[in-house]
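Spelled out from the first residue to the last, the chains are:
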Amino acid sequence: MTYEQATQVVITGNGKFGGKTMGQVAVESPKNLEWFAQSYSGKNHLIPAAARALLNAAMPMAG
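Structure report, in brief. Remember, it's a predicted structure, so these values are computed and weren't measured experimentally.

1. Points about the nonpolar core
Then comes step 1: Within the largest apolar cluster, 16 residues are counted, with the highest numbers of intra-cluster contacts made by Ile11, Met22, Val25, Leu33, Phe36, Ile47 and Ala51.
Then comes step 2: Contributions of two or more residues to this core are made by α2 (22-28), α3 (31-38) and α4 (46-62).
Then comes step 3: With six residues, α4 is the largest single contributor of residues to this core.
Then comes step 4: Setting aside residues no more than four positions away along its own chain, Ala51 makes contact with Met22, Leu33, Phe36 and Ala37.

Structure (structure tokens):
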């Protein structure tokens with residue numbers, strides 16, 4: 001999954017981030033990307049994949 005694709009993945013459900021894209025989460029609450037990458041247990045397998053892609057893209061910038 002590319003960075004651009006990851007930013008467009010929509011979070012399903014009615015939770016705090018329901019209806020938002022992973023790109024919006026990355027901007028509004030970046031600490032939650034790790035939770036989506038490691039702890040999300042919903043049916044949409046694109047959500048943790050997108051979170052991991054965004055975290056991987058951020059790693060070179062952090063170092």
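Now, onward.
2. A look at the pattern of salt bridges
A pair can form between side chains of opposite charge whenever their charged atoms are brought close.
Then comes step 1: Overall, the coordinates contain one salt bridge when judged by the stated rule.
Then comes step 2: A salt bridge links Lys20 to Glu28; the nearest nitrogen and oxygen atoms lie 2.5 Å apart.
Then comes step 3: Taking the relative accessible area as the measure of exposure, Lys20 reaches 25% and is therefore partly exposed.
Then comes step 4: A residue is classified by how much of its surface remains accessible, and Glu28, at 46% relative accessible area, is partly exposed.

Cut-offs applied
- Residues numbered from 1 in each chain as written.
- Predicted model: local features only at pLDDT ≥ 70, side-chain atom pairs only at ≥ 80, totals over all residues.
- Heavy atoms only, no water.
- Core = buried A, V, L, I, M, F, W, Y, C linked by side-chain atoms within 4.5 Å.
- Buried < 20%, exposed > 50% of the residue type's maximum accessible area, 1.4 Å probe, protein only.
- Helix = DSSP H or I, 4+ residues; strand = E, 2+ residues; numbered from the N terminus.
- Contact = heavy atoms within 4.5 Å.
- Salt bridge = Lys/Arg side-chain N within 4 Å of Asp/Glu carboxyl O.

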